[in-house]
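Here's the letter readout for the chains.
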Amino acid sequence: MRKYEYKIENIKAYGVTSLVLTKEHEKKFNVLGADGWELVSLKSLNNPRNLIAVFKREIIED
């Protein structure tokens, strides 16, 4: 059976009338992707500029 671990990141979006993610966000996501993390959810809660990103990656057991 596959096992996963999860990582939660708080993301601050920018913009006045719409949410904007920057190249810095993209770089961070690419670093996480290179480490095996897959973005599975990106949601705003009460404040639309505060996003919660949930990543997962498979745990490889020896």
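As a reminder, the structure under discussion sits directly above these lines.
Scope of this entry: the structure provided in the associated data block. (Residues numbered from 1 in each chain as written. Predicted model: local features only at pLDDT ≥ 70, side-chain atom pairs only at ≥ 80, totals over all residues. Heavy atoms only, no water.)

**With respect to the sheet that holds strand 2 (residues 38-44)**
Spatial strand order, 1-3-2: three strands in an open sheet with antiparallel pairing. The outermost strands of the open sheet, each flanked by one partner alone, are strand 1 (3-12) and strand 2. Taking the axes of each pair of neighbouring strands and ignoring which way they run, one obtains an average angle of 20° across the sheet. Note: strand 2 against strand 3 (residues 50-59), six bridges, orientation antiparallel. Within the sheet, the bridge partner assigned to Leu42 lies in strand 3 and is Ala53. Packed on one face of the sheet, helix 1 (residues 23-34) meets strand 1, strand 2 and strand 3 and runs near 170° to strand 1. (Pairing = 2+ DSSP bridges. Helix = DSSP H or I, 4+ residues; strand = E, 2+ residues; numbered from the N terminus. Axes fitted to C-alpha atoms, helices over the stretch in contact; angles between N-to-C directions. Contact = heavy atoms within 4.5 Å.)

**With respect to the side chain of His25**
Tracing the chain through its elements places His25 in helix 1. Polar contacts involving the side chain of His25 include one to the main-chain carbonyl oxygen of Lys12, which spans 3.0 Å. For His25, the contacting residues outside a window of four places in its chain are Ile11, Lys12, Tyr14 and Val20. (Polar contact = N/O pair within 3.5 Å; in protein donor to acceptor, adjacent residues only side chain to side chain.)

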